[in-house]
Amino acid sequence: MLESIKAFFTAEMVTDIISAAIGLVVFFLLYLLIKKIAKKILTKKEKPQVIPTVVRIIRYIIYVLLVIYILGVFNIDVSALLGAAGIVGVAVSFASQTSLSNIISGFFIVSEHALKIGDFITVEGISGTVDAIDLLSVKIKTPDNQMVRIPNEKILNTNLQNTSFYPTRRINVTIPLNRRTDLEYALAIAKEVPAKCPNVLSEPEPIIYYDGFNEAGINLVIAVWLNNSDLFVVRNQVHMAIKKSFEEANIEIAYPRLELHTKS
């Protein structure tokens with residue numbers, strides 16, 4: 001056993017192992033250097049959302065170069081391996097078409113700047129905060145703390161709603177009023193609601209308008225602007241202010257109800 005080990009670890013083999021170890025260290029340092037430079041450049045260009053994707057691409061390239069280097073150190077015929085890989089590649093080429101399409105779509109997504117990490121997006125009814133933009137997919141975290149993986153190709157080929165793209169947004173709150181309501185009086189009371197909500201923006205100005213009839217009467221809409229980060233705070237403020245203001249003004253909100261009339 002000892003003789004076999006001695007026969008294996010010849011002077012040439014030890015030299016090759018040392019060369020491979022040195023190469024491993026050099027490639028690792030090269031990876032750290034290139035990653036640092038890429039992050040610095042992308043940060044200056046205000047593109048931090050693409051940093052994770054670029055870092056992954058750099059890492060994969062370094063891995064491939066390192067494997068080729070180590071194979072060369074140990075005098076392993078790379079062409080033979082590539083030939084075998086070519087045979088396997090034919091077998092998996094059909095399966096890889098989708099992955100290639102997702103990779104290409106990922107580059108378009110990054111270059112288009114339609115979303116970034118931290119944005120709240122909706123794709124085909126699925127909503128969540130962007131956690132990662134990878135080569136094959138975008139990973140989002142839903143409001144109930146679930147991870148959803150959306151292929152890049154799907155994001156590129158469907159309607160993407162990015163709620164966080166602009167710093168402000170508008171919400172519309174509909175108030176159903178019954179047919180007996182004094183519309184001018186109700187409109188005047190509704191105009192006082194936004195001022196009672198501390199997180200509602202004064203610019204752009206809130207919009208108050210009637211928007212069609214309902215089963216009970218007519219719909220009154222209060223549309224207010226807010227910062228994206230204040231969405232749920234403003235929703236609560238507006239609904240509470242509406243209820244309090246309309247109750248104090250003795251204006252009835254037409255909740256859905258069923259009335260039965262009997263004939264004697």
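Our subject is the structure that appears above.
The following refers to the structure shown. These figures come from a predicted structure and were not determined experimentally.

Here we take up the pairing of strand β2 (residues 126-133). Pairing of strand β1 (residues 120-123) with β2 involves four bridges; the strand directions are antiparallel. Residue Thr122 lies in a different strand from β2, and its bridge partner there is Ser127. Hairpin geometry of β1 and β2 is characterised by an intervening segment of two residues between the two adjacent antiparallel strands and by a positive phi of about 50 degrees at Glu124. With four bridges joining them, β2 and strand β3 (residues 137-141) adopt antiparallel strand pairing. Its bridge partner lying in β3, Ile133 is registered against Val138. Between the end of β2 and the start of β3, which pair antiparallel, lie three residues.

Attention shifts here to the nonpolar core. For soluble globular proteins, nonpolar side chains are generally found buried alongside one another. Of all hydrophobic cores here, the largest spans 25 residues; its most connected members are Ile175, Leu177, Ile222, Val238, Ile242 and Phe246. With six residues, the top contributor of residues to this core is helix α7 (residues 231-248). Ile242 has contacts with Val173, Ile175, Val193, Ile222 and Ile253, leaving out every residue within four places of it along the chain. Ile109, Leu115, Val130 and Val138 belong to the second-largest nonpolar core, a separate cluster that totals 12 residues.

What follows covers the pattern of salt bridges. Overall, the coordinates contain five salt bridges when judged by the stated rule. Across the salt bridge formed by Glu124 and Lys154, the nearest N and O atoms sit 3.5 Å from each other. With Glu124 in the loop between β1 and β2 and Lys154 in helix α5 (residues 152-157), this pair connects stretches of sequence that are 30 residues apart. Residue classification places Glu124 among the exposed residues on the basis of a relative accessible area of 53%. Between Lys243 and Glu247 there is a salt bridge, with its nearest N and O atoms 2.4 Å apart. Placement of the pair is Lys243 and Glu247 together in helix α7, with a separation of four residues, close to one helical turn. Judged by relative accessible area, which is 41%, Lys243 ranks as partly exposed. Residue Glu247 is classed as partly exposed on the basis of its relative accessible area of 48%.

Paired through their backbone hydrogen bonds, the strands of a sheet run either parallel or antiparallel. Within the open sheet, the three strands sit side by side as β6-β8-β7. Their pairing is antiparallel. Whereas interior strands pair on both sides, the edge strands pair on one side only; in this sheet they are β6 (168-178) and β7 (207-213). Strand-to-strand twist across the sheet, computed as the mean angle between neighbouring axes with direction ignored, equals 25 degrees. In this sheet, strand β8 (residues 217-227) lies alongside β7 in antiparallel orientation, the contact comprising five bridges. Its bridge partner being in β8, Ile207 is matched across the sheet by Ala223. The sheet strands contacting helix α6 (residues 183-191) are β6, β7 and β8, and the helix crosses β7 at an angle near 140 degrees. In this fold α7 packs onto β6 and β8, with an angle of close to 25 degrees to the strand it touches most, β6.

Procedures and definitions
- Residue indices follow the written sequence of each chain, beginning from 1 at its first position.
- It should be noted that, the model being predicted, local features are given only for residues of pLDDT at least 70 and side-chain atom pairs only at 80 or more, the latter also being counted only at that level, while totals for whole chains, interfaces and linings use all residues.
- Side-chain descriptors were evaluated using all non-hydrogen atoms of the structure, hydrogens and water having been removed beforehand.
- For two strands to be treated as a pair, DSSP must find no fewer than two bridges joining them.
- Helix and strand definitions follow DSSP, with helices as H or I runs of at least four residues and strands as E runs of at least two, each counted in order from the N terminus.
- Here, the term nonpolar core denotes a set of buried Ala, Val, Leu, Ile, Met, Phe, Trp, Tyr and Cys residues that are joined through side-chain atoms within 4.5 Å.
- To sort residues, take the accessible area from a 1.4 Å probe on protein chains only and compare it with the maximum for the residue type: under 20% means buried, over 50% means exposed, and anything in between is partly exposed.
- In this analysis, two residues are considered to be in contact whenever any of their non-hydrogen atoms come within 4.5 Å of each other.
- The term salt bridge refers to a side-chain nitrogen of Lys or Arg lying within 4 Å of a carboxyl oxygen of Asp or Glu.
- Angles here are taken between N-to-C directions and fall from 0 to 180 degrees, while the axes themselves are lines fitted to C-alpha atoms, restricted in helices to the stretch in contact.

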